[in-house]
Amino acid sequence: MDNASTAKTPMSTSYKLDSDIDGKSVDQKHYRGMISTLMYLTVSRLDIRFSTCLRARFQANPKKSHLMAVKIIFKYLKGTASLGLFHPAKGNFYLQAFTDSDYGGCKLDRKSTSDEETADVFTKALDESIFLHFLGRLGMLNPDYLGI
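No experiment lies behind these values; they were computed from the predicted model shown.

J.: What am I meant to see in the overall build of the chain here?
T.: Scanning the chain from terminus to terminus reveals 5 helices and 0 strands. Looking at the chain as a whole, 31% of its 148 residues are labelled buried. A sequence separation of at least 24 residues applies to 79% of the contacts in the chain between residues at least 6 apart. Of the roughly 9800 Å² of accessible surface on the chain, a fraction of 52% belongs to carbon and sulfur atoms.

Set out below in structure tokens:
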């Protein structure tokens, strides 16, 4: 991973991940380990929450396409290591977020999850400009990384 390239976003906005029934199977234990690592990081990195949870759905029968999608998240993390959401240990911290959810558009199961979730900002893949806008509003932009 040291020599790997970086990714600008944690998931593609144009590619839809599916169950890939005909794809080549990969080691389930390795895949679950990668997902577990990413789930741990979602506490401070909300920007990878949706993409990680989407890939976690394929833990029972992971395929090579799913593994490649998980690796994109790691490439994104490599390029954005200085980003994160940090909040004060003392005092009140209130994060309010709004989103335009499209759960019914999921081609896997068309399920809708209408439960209210706090800070569920990234419910679907965002264009890079919108993604950067959200990072700026959350105070997570690193001008050195972005070349600003």
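J.: Explain helix α1 (residues 28-41) to me, please; I cannot follow it from the model alone.
T.: Because each turn of an α-helix spans 3.6 residues, side chains separated by three or four positions end up pointing in the same direction. Given a rise of 1.5 Å per residue, 14 residues ought to cover 20 Å, and the 20 Å separating the end C-alpha atoms of α1 matches this to within 8%. Among the residues of α1, Tyr31, Met34, Ile35 and Leu38 are the ones counted as buried. Down the axis of α1, the sector holding all buried residues measures 95°, keeping them to one side. Opposite its buried face, α1 presents the exposed residues Lys29 and Tyr40, each directed more than 90 degrees away.

J.: Looking at this structure, I do not really get unusual backbone geometry. What am I missing?
T.: Negative phi characterises most residues that are not glycine, and trans characterises most peptide bonds. Its identity as a non-glycine residue notwithstanding, Asp20 has a phi of 50°, on the positive side. Topologically, Asp20 is positioned in the segment before α1. Given the relative accessible area of 23%, Asp20 is considered partly exposed.

J.: Would you mind showing me how to read the nonpolar core here?
T.: What tends to happen in soluble globular proteins is that the nonpolar side chains get buried as a cluster. Counting residues in each nonpolar core, the largest one holds 16 residues, and the members touching the most others are Tyr31, Leu38, Ile48, Val70, Tyr76 and Leu77. No other element matches the 6 residues that helix α3 (residues 64-79) contributes to this core. In this structure Tyr31 touches Arg55, Phe58, Gln59, Pro62, His66, Leu67 and Val70, once residues within four positions along its chain are discounted.

J.: Could you clarify how one ought to interpret the packing of helix α2 (residues 49-56) against α3 in this entry?
T.: Describing two packed helices takes the angle between their axes plus the distance from one axis to the other. At a minimum axis separation of 10 Å, α2 and α3 run at an interaxial angle of 160°. Viewed along their axes, α2 and α3 adopt a mutual orientation that is roughly antiparallel. Read as a crossing pair, α2 and α3 show a hand that is left-handed. Seen from α2, the contacting residues are Ser51, Thr52 and Arg55; seen from α3, they are Ala69, Val70 and Ile73.

J.: Teacher, can you tell me more about the confidence of the model for the chain here?
T.: Predicted coordinates in regions of low pLDDT should not be interpreted in detail. Here the chain averages 75 in pLDDT, while 61% of its residues score no lower than 70. Ignoring residues within four places in sequence, the model shows residues 112-123, a span with pLDDT below 50, making 24 contacts including any to other chains.

J.: Looking at this structure, I do not really get α3. What am I missing?
T.: A rise of 1.5 Å per residue sets the reference length of α3, with its 16 residues, at 22 Å; its end C-alpha atoms lie 23 Å apart and thus fit the reference within 8%. Residues His66, Leu67, Ala69, Val70, Ile73, Tyr76, Leu77 and Gly79 constitute the buried set of α3.

J.: Quick question: what am I supposed to make of the packing of α1 against α2 here?
T.: For the pair α1 and α2, interaxial distance at closest approach is 10 Å and the crossing angle is 155°. If you check the angle between α1 and α2, you find them roughly antiparallel. Here α1 runs over α2; the crossing is left-handed. When α1 is examined against α2, the residues Tyr31, Ile35, Leu38 and Met39 are found in contact with a partner set consisting of Thr52, Cys53, Arg55 and Ala56. In terms of residue class, the contact of α1 with α2 is made up of 6 nonpolar, 1 polar and 1 charged.

J.: Could you clarify how one ought to interpret the environment of Met11 in this entry?
T.: Turning to its location among the elements, Met11 is positioned in the segment before α1. Exposure remark for Met11: the relative accessible area of 12% places this residue in the buried category. Distance from Met11 to Ile72, taken between C-alpha atoms, is 6.7 Å for residues 61 residues apart in sequence.

So, how was this worked out
- Residues numbered from 1 in each chain as written.
- Predicted model: local features only at pLDDT ≥ 70, side-chain atom pairs only at ≥ 80, totals over all residues.
- Heavy atoms only, no water.
- Helix = DSSP H or I, 4+ residues; strand = E, 2+ residues; numbered from the N terminus.
- Buried < 20%, exposed > 50% of the residue type's maximum accessible area, 1.4 Å probe, protein only.
- Contact = heavy atoms within 4.5 Å.
- Areas by Shrake-Rupley, 256 points an atom, 1.4 Å probe, with all protein chains shown as cover.
- Expected span 1.5 Å × (residues − 1).
- Arc of directions from axis to C-beta.
- Core = buried A, V, L, I, M, F, W, Y, C linked by side-chain atoms within 4.5 Å.
- Axes fitted to C-alpha atoms, helices over the stretch in contact; angles between N-to-C directions.
- Parallel < 35°, antiparallel > 145°, perpendicular 65-115°, else oblique.
- Left-handed = near helix turned anticlockwise from the far one by under 90°.
- pLDDT = per-residue confidence, 0-100.
- Nonpolar A, V, L, I, M, F, W, Y, C, P; charged D, E, K, R; others polar.

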